[in-house]
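What follows is the residue order along each chain.
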Amino acid sequence: MQSASPLEVNSLVVKYGEKVAVDHLSFSVKPGEIYGLLGPNGAGKSSTIKAILGLVPAQEGTIKVMGKQAPSKEVMNYIGAVLESPAIFDVLTPLEFFEFVASVRRVNDPSRLNGLVEAFELRQYLKTPIASLSMGNKQKVAVIAAMLHRPKLLLLDEPFNGLDVKSVRIFKELLKMHVEGGGSVIFSTHIMDVAEKICTRVGIINEGKMVAEGTVEELRNQVKAASLEDVFLKATEEEEEVKSLINALSGA
Amino acid sequence: MQWKDIWDIAGKVYDELMFQGYAASRLTGLSPTEKIASRLARNAKLYKYLMSAVYGGMIVLTMAMGLLDRSYFAGISVTIFFWVYILVFLSAFQISFSISSSPHIRNFLSTLPLDRAELQATSAVSILRSVDAPILVSLIVPVFGGTIYGFTYAVNFLVASISGISLALATDVALSYGFRKVSVGSKVSGLIRAGSIIPVVLLAGVAYDVPIFIAQHWSSYLAFVPVLNLYWINRTCMALSGVYAVLFLALAVYGFSKQAIYLLTPEQYIGRSFEGEIKVKQTSPAVAIITLDFRQALRSRLAGMLAIPVIYFVLAIITAVTSRSLISKDYLVFWGSYVVPMTFASAMLAYALYASEERGLATFMTLPISKLENFLSKCMVTMGIYAVVGALMSALVVYFGKPSYWLPIMLMEFPLMATVAFAGYYFSRVFKGGGAGMANSVTAVLFTVGVIFIIAIPSGAFMIAAFLTKNLAISSAALPALSLVEMAPFLYVLSRDRGVASRGKMRMLALMRETFSLWL
């Protein structure tokens, strides 16, 4: 029997008043896949992730996680999420926050928590209020909380924000281990190098619409580009604009 | 640097301080839409004018009452002191939080080409601008009003205003200092935050009772007690209260100059070492949510709201013991004076619990917790606290020989439950604007009006039934009956949330199952 797809988004529409942030977007994430959602600022990446989580309402379309209609309480059991700005309860300490998440998610796996805390070198901050942590350490808290229950689908919005080089490397390895264990990941990022190295597939969205989708290799071959960055600029029709801006700057 | 430049920069810092103080705690962690962000910024600036208008009106009302009721005349200065204190304290209170949690302002100022003295001047002006309207209203209204009473009273009112302004600023500076010095996560921090609003609630509660108490218990030694000596309009007492006012003013100026420096002083947090294996205290989801609620509420600016029902009860006892009014009053007067306000104060607990959750609401929404489960947790906390306060009130009425009062006091749990359901519905609309809740003062007022109606309908029906039947036990049935009717639409909306997996005919069964499993 074929297992349910971790994520299926069909014809999703998200609007803020008159502004259309996501415009009939469709894509899916397969089991064991790291799917990179790429796009320029304001393209609709974060709105797509928020709609999957139910943080903004979807005006049209359907979202299914593990074959179940999302958003729902049941679906949240399958998901671990890191939001763009780590909106965690900042008056708690990381330890209190982990206790809360573990209790709500009914996870009793101290070795998992110990392992993640050691990996991200967060031990010395366990009893420090989250409000007083640096942005990078707040991001680490959010990442650990999202991975604590070994979710089937990790939804990550700019997950590498604020992380130091070592933490980025560890996080990338954790993501690889996560998909090797049968989990799936969808993440949005501006860092093309990271996407190029770890994504199984990428989807490039612009003005709320999918403009290119496939493996990095497929996309490079399609537009005869040397890197994902070139693919991105071509797909979002920004290449000529970038060239003219650089010319204008060099002549200034 | 020119004074005008400092004024301009201070204006920007003032804008940010007001925004942080008023709006930042209301943002949910998601980016607010442009419309909401603009509205929050506008309301942040309007807040001090709104407060000034409301409390300025209270001062005018107080002076008008003095003219109408001569028995009240002597206590006016003390009452003016209370209103001025509350106005300035609440206005500056917002800024205390901003200053203790706005490192970006400090970082911004440090990048400007200003020397130490210019930085301090910028900081001082920006803080002062946040309380300019309340201070002006506190001085102008009593002094102008005092001219109607005569020169001596005008001077006495001015002394009362200066004392109120100075002590309010000094209290705020002390709180700001406390917030900075005490770690956010510590138990002492929770106590400071919970205690921060107690002076205001106490003063609001006794604003009219204290002058009466002084009048009833006239004693010469009270003439030497700061603030209370404003009661006596004679040369010696006025001279003494003038000296006290100067001392309070010196204290406020000293504290204020310190506060301007706080805004510029970097804070350093050093992580505490944590040895050994990390152990997680596993609880049921319901207990986890309740624990989170308490931790959040005790460590937020809304902490004082947790203390309100208890303070109200203390005030009720003080009034009852001092005036013996509790037993002498007619039951309906007792009900309207004590039980209904106590229920209203308890209803604000749910508001505090939901509001303190806002900052991390985006994360909260990504966890498998339904709105109904969240409502049940808030219900447990709110009703639990009312049960304690209600039981104490019941013991008091039994002690005063009115045991029949006990049943309706405890049945007020039902209207309280309906207000929590209303709060759940109200806060479920937080995300409608794309990331910010409590977006304006109008919605906050609407919430309060909603709570008043929800409590008023069953308790009003009970009062009418009690008046007609003269039987408290029978008329008490109105409380649960009407409250359940009120609660039904809110529960229906909450149960339609994503939290309930099953649909259609099985919805109620699914609800019951989920409610039960929450506690396991």
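Residues numbered from 1 in each chain as written. Chains lettered and ligands numbered in written order. Predicted model: local features only at pLDDT ≥ 70, side-chain atom pairs only at ≥ 80, totals over all residues. Heavy atoms only, no water.

K.L.:
Hey, could you run me through the overall build of chain A in this one?
P.N.:
Summing up its helical and strand segments, chain A has 10 helices and 10 strands in all. For chain A, whose C-alpha radius of gyration is 19 Å, the value lies close to the compact-globule estimate of 18 Å for 252 residues. Taken along its principal axes, the extent of the C-alpha atoms in chain A is 55 × 50 × 40 Å. Considering only contacts within chain A whose residues lie at least 6 apart along the sequence, 67% involve residues at least 24 apart. (Helix = DSSP H or I, 4+ residues; strand = E, 2+ residues; numbered from the N terminus. Rg over C-alpha atoms; globule rule 2.2 N^0.38 Å. Contact = heavy atoms within 4.5 Å.)

K.L.:
Is there a simple way to think about the pattern of salt bridges in this case?
P.N.:
Pairing between side chains of opposite charge can happen when the charged atoms of each approach one another. A full pass over the atoms with the stated rule returns 14 salt bridges over all chains. In this structure, lysine 166 of chain A engages glutamate 121 of chain A in a salt bridge whose closest nitrogen and oxygen atoms are separated by 2.6 Å. Here lysine 166 of chain A, found in helix α6 (residues 165–180), pairs with glutamate 121 of chain A, found in the loop between α4 (110–119) and α5 (135–147); they are 45 residues apart in sequence, far enough to count as distant. A residue is classified by how much of its surface remains accessible, and lysine 166 of chain A, at 46% relative accessible area, is partly exposed. On the basis of relative accessible area, glutamate 121 of chain A is assigned to the partly exposed category, the value being 43%. In this structure, aspartate 132 of chain B and lysine 48 of chain B form a salt bridge, with 2.7 Å as the shortest nitrogen-oxygen distance. Taken together, the residues aspartate 132 of chain B in helix α6 (residues 132–149) and lysine 48 of chain B in helix α2 (residues 34–68) connect sequence positions 84 residues apart. Given the relative accessible area of 29%, aspartate 132 of chain B is considered partly exposed. Connected via shared salt-bridge partners are Glu33, Arg201 and Glu213 of chain A. (Salt bridge = Lys/Arg side-chain N within 4 Å of Asp/Glu carboxyl O. Buried < 20%, exposed > 50% of the residue type's maximum accessible area, 1.4 Å probe, protein only.)

K.L.:
Just to check I follow, could you spell out the environment of glycine 390 of chain B for this structure?
P.N.:
Along the chain, the position of glycine 390 of chain B falls in helix α17 (residues 371–399). Setting aside its immediate chain neighbours within four residues, glycine 390 of chain B contacts Met342, Ile409 and Met410 of chain B.

K.L.:
Whenever I open this one, the sheet that holds strand β2 (residues 19–29) of chain A confuses me. Can you help?
P.N.:
Backbone-to-backbone hydrogen bonds join strands into a sheet, with any given pair of strands oriented parallel or antiparallel. The four strands are arranged β2-β1-β4-β5 (chain A) in an open sheet whose pairing can be described as antiparallel. Strand pairing shows two members of the sheet lacking a second neighbour, β2 and β5 (68–69) of chain A, which therefore form its edges. (Pairing = 2+ DSSP bridges.)

K.L.:
Please clarify how the packing of aromatic side chains should be interpreted in this entry.
P.N.:
For any pair of aromatic rings, the description consists of the separation of the ring centres together with the inter-plane angle of the planes. Residue and element names in this part refer to chain B. Inspection of every chain in the model, using the stated rule, returns 20 aromatic pairs over all chains. When the centroid spacing of 5.3 Å and the interplanar angle of 10° are considered together, the rings of tyrosine 354 and phenylalanine 427 count as stacked. With a gap of 73 residues between them, tyrosine 354 in helix α15 (residues 331–357) and phenylalanine 427 in helix α19 (residues 413–428) connect regions that are remote in the sequence. A ring pair is formed by tyrosine 426 and phenylalanine 427, whose centres lie 5.4 Å apart and whose planes are at 80°; its orientation type is edge-to-face. According to the relative accessible area criterion, tyrosine 426 is buried, its value standing at 14%. Among the aromatic residues, those joined into a cluster by ring pairs are Tyr351, Tyr354, Phe422, Tyr425, Tyr426, Phe427 and Phe490. The residue whose ring lies beneath lysine 378 is tyrosine 354, and the NZ or CZ to ring-centre distance is 5.1 Å. One cation-aromatic arrangement involves lysine 470 over phenylalanine 467; the distance from NZ or CZ to the ring centre is 4.7 Å. (Phe/Tyr/Trp six-rings, centres within 6.5 Å; stacked < 30°, edge-to-face > 60°. Lys NZ or Arg CZ within 6 Å of the ring centre and 35° of its normal.)

K.L.:
Honestly, the packing of α19 of chain B against helix α22 (residues 478–495) of chain B in this entry has me stumped. Any pointers?
P.N.:
Two numbers describe a pair of packed helices, the interaxial angle and the distance between the axes. Residue and element names in this part refer to chain B. Closest axis-to-axis distance for the α19/α22 pair is 8 Å, and the angle between their directions is 20°. Put simply, α19 runs roughly parallel to α22. Classified by chirality, the crossing of α22 by α19 is left-handed. Between α19, through Phe414, Pro415, Met417, Ala418, Ala421, Phe422, Gly424, Tyr425 and Ser428, and α22, the contact on the second element is made entirely by Leu479, Pro480, Ser483, Leu484, Glu486, Met487, Phe490, Leu491, Val493 and Leu494. (Axes fitted to C-alpha atoms, helices over the stretch in contact; angles between N-to-C directions. Parallel < 35°, antiparallel > 145°, perpendicular 65-115°, else oblique. Left-handed = near helix turned anticlockwise from the far one by under 90°.)

K.L.:
Which parts of the structure should I look at to understand the nonpolar core?
P.N.:
As a rule of thumb, nonpolar side chains are buried together in soluble globular proteins. In terms of nonpolar packing, the biggest core is built from 97 residues, with Leu7, Phe97, Phe98 and Phe100 of chain A touching the most fellow members. Excluding residues within four positions of it along the chain, phenylalanine 100 of chain A makes contact with Phe89 of chain A together with Ala288, Ile289, Leu292, Phe364, Leu367 and Ile369 of chain B. Within the second largest apolar cluster, 51 residues are counted, among which are Tyr331, Leu416, Ala423 and Leu479 of chain B. (Core = buried A, V, L, I, M, F, W, Y, C linked by side-chain atoms within 4.5 Å.)

K.L.:
Help me understand helix α1 (residues 45–53) of chain A in this model?
P.N.:
Residues spaced three or four apart along an α-helix point in a common direction, a consequence of the helix completing one turn every 3.6 residues. Residue and element names in this part refer to chain A. With respect to burial, α1 is a largely interior element, nine of its nine residues being buried. For α1, every residue scored as buried is listed here: Lys45, Ser46, Ser47, Thr48, Ile49, Lys50, Ala51, Ile52 and Leu53. Two residues or fewer past α1, glycine 54 is found with a positive phi of approximately 80°.

K.L.:
Would you take a moment to explain the confidence of the model for chain B for this structure?
P.N.:
All names here are of chain B. Taken as a whole, chain B shows an average pLDDT of 76; of its residues, 68% reach a score of 70 or greater. Per-residue pLDDT, averaged within each element of chain B, yields its smallest value for helix α23 (residues 507–518) (55) and its largest for helix α18 (residues 406–411) (91). Note that pLDDT drops below 50 for residues 499–506; the model gives that stretch 16 contacts with residues more than four away or on any other chain. Scored as a complex, the prediction yields pTM 0.74 and ipTM 0.82. (pLDDT = per-residue confidence, 0-100.)

K.L.:
What is the right way to read the environment of isoleucine 204 of chain A from this model?
P.N.:
You can see isoleucine 204 of chain A is positioned in strand β9 (residues 201–206). Apart from residues no more than four positions distant in its own chain, isoleucine 204 of chain A is found in contact with Leu38, Lys209, Met210, Val211, Ala212, Leu219, Val231, Phe232, Ala235 and Thr236 of chain A.

K.L.:
For this particular structure, what's the right way to read a nonpolar patch on the surface?
P.N.:
Taken together, Val445, Val449, Phe453 and Ile457 of chain B make up a surface patch of nonpolar side chains, about 360 Å² in accessible area. Looking at the element boundaries, valine 445 of chain B is found in helix α20 (residues 441–469). (Patch = residues over 30% accessible without salt bridge, like charges linked within 9 Å, V, L, I, M, F, W, Y side chains within 5 Å. Areas by Shrake-Rupley, 256 points an atom, 1.4 Å probe, with all protein chains shown as cover.)

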